[in-house]
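Residues per chain, in single letters:
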Amino acid sequence: MRVVITAATVGEWMPAFLDINTLYTGEGRRLKVSFHQSGVGMLASAVAITRLTIEEKPDLIIQAGIAGCFDNSTDLGKVVIVNEEILGDTGVEEEGKWKDIFDLKLEKSSYPPYERRRLPNPHLEKFNLLKLPVVTGVTVNEITTSAERTQQLIKKYNPTIESMEGAALHYVCREMNMPFVQIRAISNYIGERDKEKWKMKEAIANLNQSLLKYIDKLYKIS
């Protein structure tokens, strides 16, 4: 089984890269794990992940990363797995209301790869091996900072987390019929720009511990 762990930046998977059991990175046929950097944002990630699916043809892609959280009652550092992704900034704002490509009739709400305006992961039941909390993600190219924009996204989509690459993974892998999972750790609350209140170090540590546990589990069942 060929597995690729991808992230926007190498720092998001570097601890796992350094600590992973060499049994999983050698030439064994049972499980072969490699690491991949997609770049930041939907555009770079979509191109990189598409190329990855075509050139490497893995059996599973794991997107790892940190994320902002809309729910201030959720503990920072918590690791979650994403069930479905939403495009959060593809559209137009008119008269104080956010209209996405479906509202604008530029895309049909259930035309592949979309289902009811969203990009769900059909492989989650099989590949949520650690039974991580399942959440909805919204993907944006411009990180949400204002209270007004935050409330727009909550009211329209009710997401739990925000990232800059999640929808690219879901879109490409659904189009390419490629099994995938998106695992993220919450580093901050949406709108909080004081980095001293973020838990970046803890989030990355928890994320990578989960990645290592996930690969151990995957090896046992592969």
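**Here's the deal with the pattern of salt bridges**
If you walk through the whole model with that rule in mind, you get 8 salt bridges. One salt bridge in this structure joins K99 and E94, with 3.0 Å as the shortest N-O distance. K99 gets classed as partly exposed once you look at its relative accessible area, which sits at 31%. Exposure remark for E94: the relative accessible area of 36% places this residue in the partly exposed category. When salt bridges that share partners are traced, they join D100, D103, R117 and K156 into one network.

**Observations concerning the packing of helix α2 (residues 42-55) against helix α5 (residues 166-176)**
In contact at an axis separation of 8 Å, α2 and α5 are set at 35 degrees when each is read in the N-to-C sense. Remark: the crossing between α2 and α5 carries right-handed chirality. Judged by residue contacts, M42, S45, A46, I49, T50, T53 and I54 of α2 engage A167, A168, L169, V172, C173 and M176 from α5. Considering only residue class, the contact of α2 with α5 consists of 10 nonpolar, 3 polar and no charged.

**Some remarks on helix α6 (residues 200-221)**
With 22 residues, α6 should reach 32 Å at 1.5 Å per residue; the first-to-last C-alpha distance of 32 Å fits that figure. Of all the positions in α6, only A203, I204, L207, N208, S210, L211, Y214, I215, L218 and Y219 are classed as buried.

**Here we look at unusual backbone geometry**
In this chain, P112 is followed by P113 through a cis amide linkage whose omega measures 10 degrees. Structurally, P113 is set in the loop between β6 (97-100) and β7 (119-120). A positive phi angle, near 50 degrees, is found at K57, a position not held by glycine. Here K57 lies in the loop between α2 and β3 (60-69).

**Brief notes about the pairing of strand β4 (residues 79-87)**
By the criterion of burial, β4 is predominantly enclosed, with 8 of the 9 residues buried. Relative to strand β10 (residues 180-189), β4 runs antiparallel, the two sharing 3 bridges. By the bridge assignment for β10, V80 is matched with R184. The sheet contact formed by β4 and strand β8 (residues 134-139) spans 6 bridges and is parallel. Of the residues in β8, the one forming a bridge with L87 is T139. Alignment of β4 against β7, held across 2 bridges, turns out to be antiparallel.

Criteria and cut-off values
Residues numbered from 1 in each chain as written. Predicted model: local features only at pLDDT ≥ 70, side-chain atom pairs only at ≥ 80, totals over all residues. Heavy atoms only, no water. Salt bridge = Lys/Arg side-chain N within 4 Å of Asp/Glu carboxyl O. Buried < 20%, exposed > 50% of the residue type's maximum accessible area, 1.4 Å probe, protein only. Axes fitted to C-alpha atoms, helices over the stretch in contact; angles between N-to-C directions. Helix = DSSP H or I, 4+ residues; strand = E, 2+ residues; numbered from the N terminus. Left-handed = near helix turned anticlockwise from the far one by under 90°. Contact = heavy atoms within 4.5 Å. Nonpolar A, V, L, I, M, F, W, Y, C, P; charged D, E, K, R; others polar. Expected span 1.5 Å × (residues − 1). Pairing = 2+ DSSP bridges.

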